[in-house]
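Chain by chain, the residues run as shown.
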Amino acid sequence: MLICPQCTFENPNGNKFCQSCGASLTHRVCPECSTEVPVNARLCDHCGAQCGKVWQGIITVTKRGNEDGELIREEKAENEQETSPTACISGSHLTLGSYLDKKQRYQLLEPLSTVNESEMWVKVLDCQPYQISPIEAILASQRQGLVMPSVEITGVSPLGQAYIVLQSQGHLGIPAIHDVWEQDNMQVLLIEDRSHWQCLLDIWEAETTSTLEILHYLDQMSRLWGALETVSCRQSLLKLDNLRLNADKRLGLERLYVESLKELPNIVFLGRGKVETFTILEHPLTIQALGEVWQVIFRQSQRTYFGSIVRILEDLELGKIETVEQLRSHLQEIIAELETPISRIADPIKENAAAPTILQSHDLPNVLPSMELSSLENAAGTDVGKKRNYNEDYFGIQTKISELELPNQQILEFRGLYILCDGMGGHAGGEVASELAVNTLKEYFEQHWTTNQIPTEDQIREAVYVANQAVYELNQQQLRSGVKRMGTTLVMLLIQGTQAAVAHVGDSRLYRLRPNKDLEQMTVDHEVGQREISRGVEASIAYSRPDAYQLTQALGPRDQNAIRPDVKFFTITEDSLLLLVSDGLSDNDVLEIYGQNNLISLLHSDSNLEQGVTELIDLANQYNGHDNITVILIRAKVRLNMSG
């Protein structure tokens, strides 16, 4: 099937246009000059920009082995001379410009490059980029709770299985797997191309890289170590040229390497043309190996050790730090100390603060870099559900990105207003109330949000009261009474730079997901059950009441004296996925039970938010479907702000 790049609708393979939105399935728009380019073209004919989808191919020479179908390396016949992997597949005629697969989808962009005795690298152009691969289909189904992660991956090499397992768990530092198949005497694995990502060692060597940034890189490597340990791929962290940084300066791997008894004794580190060989002391690999890697990085970058890291490296070498959890705990303590407010560093006696012995004088200007947004993206969608005849949900989005160019830097300013309302009052009631509330709030902030500061709590409450009054007055004008009085819930998110505020009335919710953390509900429903819990009643008793899910407040049915909007402020200090949802999605804990796997991958900049919205609506229809469904996704990416 072909997945529409605009609306993610599933189309038959032969379609030239999307059956849902009419978008072209044979051409795409050049991101640089907006010229229409065939989907199978690598470069734009007009401006030369790269438009095509490129994958990194890993080709492994294989042979069917035991009865279980396990793939093993091609064994040499007795007295046969050693043969290169390229020669093993020469019958496939894999030359520049030819196709890697028999269906002629993946075209070779470069000659094959031999990695070791049974493996080769190659870059390929995807000539059918809108066609979903079997592995992508399996992973999408797994995210929706339809299959388990292990389904249909038997017979795939250990390397391929490692990619599948880690991607199903949503590890963003691992390249995404796109496809895997066997043909002739080889297995082909296609993964995300990260060859253009910057090498970690290059950043490490730069004088502008602060101590705090280095500590964050060490912490990210520690996190990766824990993930890689589960699939026996820790060796992936032992090759310096494999450690890469994306545009947001987040650490990731260019590819995975499966641990091998044969390769463990001598690990070769490469970086900027440098090579160093040393011996790993133990097998299986322990956390000590990561400490040895860090020592190599410091030596090759010629960067000075600082006190706390010296102690960590010594403790690793002596075996005092035995687990990745202990290592991360030590690193987090140092990071927290470096992030201590400057007043405490200047006055170590105040508040019993310890003197900052770990800092060198040249580190001080870089001790307290703040975070700034590097990108702010959104997508939204609404669906009537399976049982309703009309949709009473309504949403509004306003995102503003301002760019200021200075001689030596580019400054981006981000502002976002995201509003979701779930109306009540029946046809021509609930839908009117929700739309009126959204539009009233948008108009209010257009008039009152005029500075580069996030609105105050009083301003946000005032906006909610104004929206309530608009719906209330319409009820009065139309002489509505009782259950016919229209009303709506509200959840609203405001973002100004890294500052954010959420306001809500009713049971529409805001959720937040951050790397390596569980999904977090940021709002508390205004309903009878939660009211009773706040009074000290046990949850099981509170929600045994027949009216437990009845709303205690909403916009519109009564005047502003009857509502008490909750307003909460928070700071975006790490990459975050923020979700505004109506109860058609949040009911029955659908997000908590089934949504985590859908959402983790959406933290990645390369993932499609529109497709994420579609998958969440499908998830809600599968497990709920009794009500309208609306979701707004906001992806906020951050980076260290070194300018101030």
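Residues numbered from 1 in each chain as written. Predicted model: local features only at pLDDT ≥ 70, side-chain atom pairs only at ≥ 80, totals over all residues. Heavy atoms only, no water.

Caption draft 1: Summary view of the overall build of the protein chain. Looking only at helices and strands, the protein chain features 16 helices and 27 strands. The buried share among the 644 residues of the protein chain stands at 49%. Here the contacts in the protein chain between residues at least 6 apart in sequence split such that 65% fall between residues at least 24 apart. Here the protein chain has roughly 30,200 Å² of accessible surface; of this, 48% comes from carbon and sulfur atoms. (Helix = DSSP H or I, 4+ residues; strand = E, 2+ residues; numbered from the N terminus. Buried < 20%, exposed > 50% of the residue type's maximum accessible area, 1.4 Å probe, protein only. Contact = heavy atoms within 4.5 Å. Areas by Shrake-Rupley, 256 points an atom, 1.4 Å probe, with all protein chains shown as cover.)

Caption draft 2: Inspection of the pairing of strand E10 (residues 177-183) at higher detail. For E10, the tally of buried residues reaches six of seven residues, placing the bulk of the element in the interior. Alignment of E10 against strand E11 (residues 186-192), held across six bridges, turns out to be antiparallel. Paired with Ile-177 across the bridge in E11 is Ile-191. Turn length for the E10-E11 hairpin, with the two strands adjacent in sequence and antiparallel, is two residues, and the turn residue Asp-184 shows positive phi of about 55°. (Pairing = 2+ DSSP bridges.)

Caption draft 3: Structural view of the packing of helix H10 (residues 430-448) against helix H11 (residues 457-477). Packing of H10 against H11 brings their axes to within 9 Å, and their N-to-C directions diverge by 140°. On the basis of their axis angle, the class for H10 and H11 is oblique. In the packing of H10 onto H11, the handedness of the crossing is right-handed. On H11, the residues that touch Val-432, Ala-433, Leu-436, Ala-437, Thr-440, Leu-441, Tyr-444, Phe-445 and His-448 of H10 are Gln-459, Ile-460, Glu-462, Ala-463, Val-464, Val-466, Ala-467, Ala-470, Val-471 and Leu-474. Grouping the constituent residues of the contact of H10 with H11 by class yields 15 nonpolar, three polar and one charged. (Axes fitted to C-alpha atoms, helices over the stretch in contact; angles between N-to-C directions. Parallel < 35°, antiparallel > 145°, perpendicular 65-115°, else oblique. Left-handed = near helix turned anticlockwise from the far one by under 90°. Nonpolar A, V, L, I, M, F, W, Y, C, P; charged D, E, K, R; others polar.)

Caption draft 4: Just helix H8 (residues 324-338), in detail. With 15 residues, H8 extends 21 Å from end C-alpha to end C-alpha; this agrees with the ideal 21 Å at 1.5 Å per step. Residues Val-324, Leu-327, Leu-331, Ile-334, Ile-335 and Leu-338 constitute the buried set of H8. When H8 is viewed along its axis, its buried side chains cluster within an angular range of 100° and face the same direction. Exposed and facing more than 90 degrees away from the buried side of H8 are Glu-325 and Glu-333. The inward-facing, buried residues of H8 abut helix H5 (211-229), helix H6 (288-301) and helix H7 (307-318). (Expected span 1.5 Å × (residues − 1). Arc of directions from axis to C-beta.)

Caption draft 5: Local environment of the pattern of salt bridges. Throughout the structure, instances matching the rule amount to 26 salt bridges. Notably, a salt bridge pairs Arg-388 with Glu-392, separated by 3.6 Å at the nearest N-O pair. For Glu-392, a relative accessible area of 5% translates into the label buried. Arg-545 serves as the salt-bridge partner of Asp-547, at 2.9 Å between the closest nitrogen and oxygen. You can call Asp-547 partly exposed: its relative accessible area is 24%. A relative accessible area of 32% places Arg-545 in the partly exposed class. Linked through salt bridges whose partners overlap, the residues forming this network are Arg-512, Arg-514, Lys-517, Glu-520 and Glu-574. (Salt bridge = Lys/Arg side-chain N within 4 Å of Asp/Glu carboxyl O.)

Caption draft 6: Main features of the pairing of strand E26 (residues 576-581). With six of its six residues buried, E26 lies for the most part within the structure. Neither face of E26 is open: one carries Ser-576, Leu-578 and Leu-580, the other Leu-577, Leu-579 and Val-581, and all of them are buried.

Caption draft 7: How the structure looks around the packing of aromatic side chains. Per the stated rule, a full pass over the model turns up six aromatic pairs. When the ring of Tyr-106 is compared with that of Trp-181, the centres are 5.5 Å apart and the planes differ by 15°; the resulting orientation is stacked. Linking Tyr-106 in strand E7 (residues 106-108) with Trp-181 in strand E10, this pair joins segments that are 75 residues apart in sequence. By relative accessible area, Trp-181 is classed as buried at 17%. Aromatic side chains Tyr-543 and Tyr-549 sit 5.1 Å apart centroid to centroid with 50° between the ring planes, which places their arrangement in the tilted category. Ring pairs connect the aromatic residues Tyr-444, Phe-445 and Trp-449, which therefore count as one cluster. Its guanidinium or amino end placed over the ring of Tyr-257, Lys-239 lies 5.0 Å from that ring's centre, counting from NZ or CZ. Over the ring of Tyr-257 we find Arg-255; its NZ or CZ atom is 4.2 Å from the centre of that ring. (Phe/Tyr/Trp six-rings, centres within 6.5 Å; stacked < 30°, edge-to-face > 60°. Lys NZ or Arg CZ within 6 Å of the ring centre and 35° of its normal.)

Caption draft 8: View of the environment of Trp-55. Examined against the element boundaries, Trp-55 turns out to sit in strand E5 (residues 53-64). Spatially, the C-alpha atoms of Trp-55 and Glu-192 are 5.5 Å apart, while their sequence positions differ by 137 residues. When sequence neighbours within four positions are dropped, the list of residues in contact with Trp-55 reads Tyr-106, Val-122, Lys-123, Val-124, Asp-126, His-178, Leu-190, Ile-191, Glu-192 and Asp-193. Separated by 3.0 Å, the side chains of Trp-55 and Asp-126 make a polar contact. (Polar contact = N/O pair within 3.5 Å; in protein donor to acceptor, adjacent residues only side chain to side chain.)

Caption draft 9: Structural context of the side chain of Asp-126. Relative to the helices and strands, Asp-126 resides in strand E9 (residues 119-126). Overall, Asp-126 belongs to the buried group, its relative accessible area being 1%. Among the polar contacts made by the side chain of Asp-126, one reaches the side chain of Arg-105 at a distance of 2.8 Å. There is a polar contact of 3.0 Å between the side chain of Asp-126 and the backbone nitrogen of Gln-128. Beyond its immediate stretch of four places on either side in the chain, Asp-126 contacts Val-39, Lys-53, Trp-55, Arg-105, Tyr-106 and His-178.

Caption draft 10: Fine view of the nonpolar core. If you look at the biggest cluster of nonpolar residues, it comprises 59 residues, and the most contacted ones within it are Met-221, Leu-256, Trp-294 and Ile-297. Looking at this core element by element, the count peaks at 10 residues for H5. Those residues in contact with Trp-294, other than ones at most four positions away along the chain, are Leu-218, Met-221, Ser-222, Ile-312, Leu-313, Leu-316, Leu-327 and Leu-331. (Core = buried A, V, L, I, M, F, W, Y, C linked by side-chain atoms within 4.5 Å.)

Caption draft 11: View of the state of the cysteines. Under the defined criterion, the tally for this structure stands at zero disulfides. The cysteine Cys-51 is free of any disulfide, with Cys-30 supplying the nearest cysteine sulfur at 3.9 Å. We classify Cys-51 as buried; its relative accessible area is 9%. (Disulfide = S-S within 2.5 Å.)

Caption draft 12: Up close: the confidence of the model for the protein chain. Residues of the protein chain with pLDDT of at least 70 account for 82%, and the chain-wide mean is 81. Low pLDDT, under 50, characterises residues 64-83; the stretch is placed with 30 contacts to residues that sit more than four places away or in other chains. Overall, residues 261-283 carries pLDDT values under 50, and its contacts beyond four positions in sequence, including any with other chains, amount to 57 contacts. (pLDDT = per-residue confidence, 0-100.)

Caption draft 13: Local environment of unusual backbone geometry. Not every positive phi belongs to a glycine, and Ser-232 is a case in point at roughly 55°. Structurally, the position occupied by Ser-232 is in the loop between H5 and strand E13 (243-245). Look at Ser-232 and you get partly exposed, because its relative accessible area is 37%. The phi dihedral of Asp-589 is positive, around 55°, even though this residue is not glycine. You can see Asp-589 is positioned in the loop between helix H14 (583-586) and helix H15 (590-600).

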